[in-house]
Amino acid sequence: MPINKIAFGGHNEFRHPGAIKAAAAEFFSTLIFVFAGQGSGMAFSKITEGGGTTPSGLVAAALAHAFGLFVAVSVGANISGGHVNPAVTFGAFIGGNITLVRGIFYLIAQLLGSTAACYLLSYTTGGLTTSAFALSGVSVWSALVFEIVMTFGLVYTVYALAIDPKKGELGTIAPIAIGFIVGANILAGGAFTGASMNPAVSFGPALVSWDWTNHWVYWVGPLVGGGIAALIYELIFIDGTHEALPSTDF
């Protein structure tokens with residue numbers, strides 16, 4: 001059971017060079033991702049009427065987030081695992097793949113990276129607004145389900161391609177697959193909730209613009225979705241008996 005794998009870590013981790021370097025990697029990866037994703041939305045709003053609310057704006061946002069996350073995960077993978085998302089970190093913790101102490105390190109770094117990216121965008125664009133995520137045409141409960149389901153897909157993908165010890169050669173495509181699922185989810189839910197799937201991505205814009213309307217949805221939804229994905233994958237596949245297929249079977 002995953003609950004038996006949960007590790008809390010010790011106070012020594014707070015001073016361990018490896019943990020500090022991993023947190024730094026999460027900071028820079030999150031900064032890169034949020035700067036590209038949030039910046040694309042701001043740029044599109046500047047050059048077009050309607051911005052991200054138009055079909056072309058939604059496609060642009062999906063591509064920017066997919067490409068940005070692909071890079072952000074890739075550059076952090078060998079140092080921190082390339083989580084770039086508190087929901088991924090929470091899922092990894094639930095499955096016993098990261099200690100609570102290191103998870104807290106990651107969370108702080110991710111929130112700081114997102115905030116730094118939004119402040120940089122605000123400064124470099126001459127004070128343009130870093131818009132907070134908002135609901136559009138759906139209730140808070142519908143939005144919550146949207147975020148749960150989308151984040152479930154994201155963290156399930158992370159588990160299958162990055163965490164599963166039997167992933168084999170499939171692990172090499174993890175960053176691009178993770179980027180693709182985020183891009184696809186933005187096309188599916190972006191018009192309704194903004195398709196955050198990531199509390200850090202929501203936190204930075206909300207803090208800089210000081211708009212906390214329905215902000216809780218963007219924490220509860222991703223954390224619940226990520227936790228469910230972790231539990232299901234750990235219980236059925238990692239704790240189960242699935243065999244790794246030879247690469248010739250793909």
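What counts and how
- Residues numbered from 1 in each chain as written.
- Predicted model: local features only at pLDDT ≥ 70, side-chain atom pairs only at ≥ 80, totals over all residues.
- Heavy atoms only, no water.
- Helix = DSSP H or I, 4+ residues; strand = E, 2+ residues; numbered from the N terminus.
- Buried < 20%, exposed > 50% of the residue type's maximum accessible area, 1.4 Å probe, protein only.
- UniProt positions renumbered as here; feature names shortened; annotations may be inferred.
- Expected span 1.5 Å × (residues − 1).
- Contact = heavy atoms within 4.5 Å.
- Polar contact = N/O pair within 3.5 Å; in protein donor to acceptor, adjacent residues only side chain to side chain.
- Core = buried A, V, L, I, M, F, W, Y, C linked by side-chain atoms within 4.5 Å.
- Axes fitted to C-alpha atoms, helices over the stretch in contact; angles between N-to-C directions.
- Left-handed = near helix turned anticlockwise from the far one by under 90°.
- Patch = residues over 30% accessible without salt bridge, like charges linked within 9 Å, V, L, I, M, F, W, Y side chains within 5 Å.
- Areas by Shrake-Rupley, 256 points an atom, 1.4 Å probe, with all protein chains shown as cover.
- Salt bridge = Lys/Arg side-chain N within 4 Å of Asp/Glu carboxyl O.

Colleague: Could you clarify how one ought to interpret the overall build of the protein chain in this entry?
Modeller: When its secondary structure is counted, the protein chain shows eight helices and zero strands. Taken from N to C terminus, the helices and strands of the protein chain fall in the order α-α-α-α-α-α-α-α. In the protein chain, buried positions account for 46% of the 250 residues.

Colleague: How do you make sense of the UniProt feature "transmembrane region" (unreviewed entry) in the protein chain when you look at a structure like this?
Modeller: Per the UniProt record, the feature "transmembrane region" (unreviewed entry) sits at residues 18–37, 58–81, 87–109, 116–135, 141–161, 173–196 and 216–238. With 83% helix and 0% strand, residues 58–81 has its two end C-alpha atoms placed 29 Å apart. The span residues 216–238 carries 96% helix and 0% strand; its end-to-end C-alpha distance comes to 31 Å.

Colleague: Is there a simple way to think about helix H8 (residues 217–238) in this case?
Modeller: Because an α-helix packs 3.6 residues into every turn, residues spaced three or four apart end up facing the same way. The end-to-end C-alpha distance of H8, which contains 22 residues, comes to 30 Å, matching closely the 32 Å that a straight helix rising 1.5 Å per residue would cover. The complete set of buried residues in H8 reads Val217, Tyr218, Gly221, Pro222, Gly225, Gly226, Gly227, Ala229, Ala230, Tyr233 and Glu234. In this fold, the buried residues of H8 make contact with helix H3 (86–94), helix H5 (140–163) and helix H7 (199–209).

Colleague: I'm lost on unusual backbone geometry in this one. Help?
Modeller: Peptide bonds are trans in most cases, and residues, glycine excluded, mostly fall at negative phi. The backbone of Trp210 shows a phi angle near 55°, a positive value even though the residue is not glycine. The residue Trp210 is located in the loop between H7 and H8 in this model.

Colleague: Help me out: how do you make sense of the side chain of Glu147 in this one?
Modeller: Within the element layout of this structure, Glu147 appears in helix H5. Within the structure, Glu147 has its side chain in polar contact with the backbone nitrogen of Met197 (distance 2.8 Å). Apart from residues no more than four positions distant in its own chain, Glu147 is found in contact with Thr193, Ala195, Ser196, Met197, Val217, Tyr218, Gly221 and Pro222.

Colleague: What exactly am I supposed to notice about the nonpolar core here?
Modeller: Side chains of a nonpolar character, in soluble globular proteins, are inclined to be buried together. Counting residues in each nonpolar core, the largest one holds 45 residues, and the members touching the most others are Leu69, Ile178, Ile186 and Met197. For this core, the secondary-structure elements that each account for two or more residues are helix H1 (17–47), helix H2 (55–77), H3, helix H4 (100–124), H5, helix H6 (174–189) and H8. Ignoring anything within four residues of it in the chain, the contact list for Met197 reads Asn85, Ala87, Glu147, Met150, Thr151, Leu154, Val182, Asn185, Ile186 and Pro222.

Colleague: Is there a simple way to think about the environment of Ala19 in this case?
Modeller: By the element assignment, Ala19 lies in helix H1. Residues Ala19 and Ser80, 61 residues apart in the sequence, show an inter-C-alpha distance of 8.3 Å.

Colleague: Which parts of the structure should I look at to understand the packing of H1 against H4?
Modeller: Helix packing geometry: the angle between the two helix axes and the distance between the axes. Running from amino to carboxyl end, H1 crosses H4 at an angle of 35°, the nearest separation of the two axes being 7 Å. Handedness of the crossing formed by H1 with H4: right-handed.

Colleague: Explain a nonpolar patch on the surface to me, please; I cannot follow it from the model alone.
Modeller: A cluster of nonpolar side chains, contributed by Ile32, Phe70, Val71, Val75, Ile173, Ile176 and Phe180, occupies part of the molecular surface with about 570 Å² of accessible area. Elements represented by at least two residues in the nonpolar patch include exactly H2 and H6. At three residues, the largest contribution of residues to the nonpolar patch is made by H2.

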